[in-house]
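The lines below spell out each chain.
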Amino acid sequence: MYYIGVDLGTSAVKLLLMAADGKIVNIESREYPLDFPHPGWSEQKPEDWWAAVTDGIPALVKDIDVSEVAGISFGGQMHGLVVLDENDNVIRPAILWNDGRTGKETDYLNNEIGMDKLSKYTANIAFAGFTAPKLLWMKANEPELFAKIKKIMLPKDYIAYKMTGVHSCDYSDASGMLLLDVEHKCWSKEMLDICDVKEEQMPKLFESYEITGTLTEEAAKTLGLTTACKVAAGAGDNAAGAVGTATVGEGRCTVSLGTSGTLFITNKEFKKDPYNALHAFDHADGGYHLMGCILSAASCNKWWMDDIVGTKDYGKEQEPISKDKLGNNHVYYLPYLMGERSPHNNPDARAMFFGMSMDTTRADMTQAVLEGVAFAMRDCLTIARKTGIVVKEAKLTGGGAKSPLWRQICANVLDVDIQIIESEEGPGYGGAILAAVACGEYASVEEAAEKLVKVVDVIHPDPEIVARYDKAYEKFTKLYPAVKDLY
């Protein structure tokens, strides 16, 4: 049998076809627009997502017997606000995870409702990208549209609805809405009341590996599949990506260098960060995880290379950065192009270079960008370690993981063994695994991930470079406090 993983990203949907033994049979990708109607705003049309999926899946399965496609599941960009009216039509463009318009609402939740109450209700505090502040913004700024809301959904769940006709959401993705009681896995009545939302406006909750329905006749015809194809709830992109890297069970860690960056640590029992800097979310394996998220990771390098340096040859730009230069750079970079989430929770934060002089080279600045992102990830890991969590190894994923130099930098800045896996297809592969578990191909998410995911390389930290980076990190940590009042 075959299983489809739908990775609904910010710039494109990546569709993956997996055989029962874990082999990737085919991959298709379709891009869609990203709109910035005002500075700091970020929106997409859910209809564009569905158009991309309906164009891509027929191409994905064109060379196989479609009756053998047993299941579909998802990894999706988190936090995006999708609102439907009484006829299940989209009311307005989705407000995305990296949208920064909700500063006022975030301050209201954290300061007037109070972080202690938010943490009690949801295990988290408010961040500008979360869904709850977006609902408050919509209520205050678009009251006529707010009044039309019949269903509140997340991005991937809109695609699942178009496939099944079921309004569903999984626990991992719902954790990032600030509307879920994460510990007890139910909608928080207190948070729904605060946002003036009724529980019937929320989708039904499922574990990521549970079946929510099967393809409707219309969806099956559109996608070129059969109505026997089952649809599983799926997961938020980070949780799905963790499944795709076997970061499941107890005490596993993944560092992702995608558009955003994440530090993902798994737990079988519920844990909460007392500092409220890391997210405490449900995991796609049925357990829990702690996650730190930085809003700009590989996107920092893309911005620097594409828009400033003016090249697509990233490897050539990194060639002059030899091993002896690691930890010896005099230039620093704060990677806050889109504001920052963990640990600063400041949508107004912005990126900057520090320490340039007449002898600064382009390579120094390129190195500073890579190191700045790694230092920001260390901010998150430092907080996790303060809670008593021990991390000695981490799988590295995302576009940034393709850089051998960035791998070395991460191993030494974080002082952990960096593991590289055989097939790094992230949320799409995780989605396909979840579909296979839902259809009974494997007994559990943990069993499937352990059987299918293989480590092919390990980068060990160098004690001398680690010591140099420890000193550099001390200086890095002083930069944000020095400039935050200027944002």
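That block above? That's the structure.
All of the points below concern the structure found in this document.

What counts, and where the lines are drawn
Residues numbered from 1 in each chain as written. Predicted model: local features only at pLDDT ≥ 70, side-chain atom pairs only at ≥ 80, totals over all residues. Heavy atoms only, no water. Salt bridge = Lys/Arg side-chain N within 4 Å of Asp/Glu carboxyl O. Helix = DSSP H or I, 4+ residues; strand = E, 2+ residues; numbered from the N terminus. Buried < 20%, exposed > 50% of the residue type's maximum accessible area, 1.4 Å probe, protein only. Pairing = 2+ DSSP bridges. Axes fitted to C-alpha atoms, helices over the stretch in contact; angles between N-to-C directions. Right-handed = clockwise from strand over helix to strand, strands pointing away. Parallel < 35°, antiparallel > 145°, perpendicular 65-115°, else oblique. Contact = heavy atoms within 4.5 Å. Nonpolar A, V, L, I, M, F, W, Y, C, P; charged D, E, K, R; others polar.

**What to know about the pattern of salt bridges**
Now for step 1: Inspection of the entire model under this criterion finds 21 salt bridges.
Now for step 2: Between D196 and K139 there is a salt bridge, and its shortest N-O distance comes to 3.5 Å. Placement of D196 in the loop between helix 7 (189-194) and strand 12 (204-206) and of K139 in helix 3 (residues 131-141) is noted, with a sequence separation of 57 residues between them.
Now for step 3: When its relative accessible area of 41% is taken as the criterion, D196 is described as partly exposed.
Now for step 4: Classification of K139 as partly exposed rests on a relative accessible area of 36%.
Now for step 5: Notably, a salt bridge pairs K302 with D306, separated by 3.1 Å at the nearest N-O pair. You can see K302 and its partner D306 sitting in helix 10 (residues 298-309), four residues apart, about one turn around the helix.
Now for step 6: Classification of K302 by relative accessible area gives partly exposed; the value is 46%.
Now for step 7: A relative accessible area of 17% places D306 in the buried class.
Now for step 8: What emerges from the salt-bridge pattern is a single network uniting E43, R92, D99, R101 and E142.

**Section: unusual backbone geometry**
Now for step 1: A cis amide bond links S342 to the next residue, P343, at an omega of 0 degrees.
Now for step 2: Checked against the element boundaries, P343 lands in the loop between strand 20 (332-334) and strand 21 (352-354).
Now for step 3: Unusually for a residue other than glycine, K185 sits at a positive phi of about 55 degrees.
Now for step 4: Topologically, K185 is positioned in the loop between strand 10 (180-181) and strand 11 (186-187).
Now for step 5: The phi angle at D415 is positive, at roughly 55 degrees, despite the residue not being glycine.
Now for step 6: Exposure remark for D415: the relative accessible area of 40% places this residue in the partly exposed category.

**Brief notes about the sheet that holds strand 18 (residues 279-282)**
Now for step 1: Ordered in space as 18-19-17-16-22-23-24, the seven strands form an open sheet in which the pairing is mixed. The strands lining the two open edges of the sheet, one partner per strand, are strand 18 and strand 24 (455-459). The mean inter-strand angle of the sheet, taken between neighbouring strand axes irrespective of direction, is 30 degrees.
Now for step 2: Bridging between strand 16 (residues 253-257) and strand 22 (residues 393-397) involves three bridges; their strand directions are parallel. Paired with V255 across the two strands is L396, which belongs to strand 22.

**Considering the pairing of strand 23 (residues 417-421)**
Now for step 1: Most of strand 23 is tucked away: four of the five residues are buried.
Now for step 2: As paired elements, strand 22 and strand 23 share three bridges and run parallel to each other. Looking at strand 23, one finds that E393 is bridged to D417.
Now for step 3: Between strand 22 and its parallel partner strand 23, the chain crosses via helix 13 (residues 404-414), and the hand of that crossover is right-handed.

**Let's talk about the packing of helix 10 against helix 12 (residues 362-386)**
Now for step 1: Where helix 10 meets helix 12, the closest approach of the two axes is 9 Å, and the angle between their N-to-C directions is 155 degrees. Regarding the angle of helix 10 to helix 12, the classification is roughly antiparallel. Counting all contacts with helix 10, which are made through C300, N301, W304, M305 and V309, the residues of helix 12 involved are R362, M365, T366, V369, L370 and V373.
Now for step 2: Here the contact of helix 10 with helix 12 is built from residues that sort into eight nonpolar, two polar and one charged.

Don't take any of this as a statement about function, it's just geometry.
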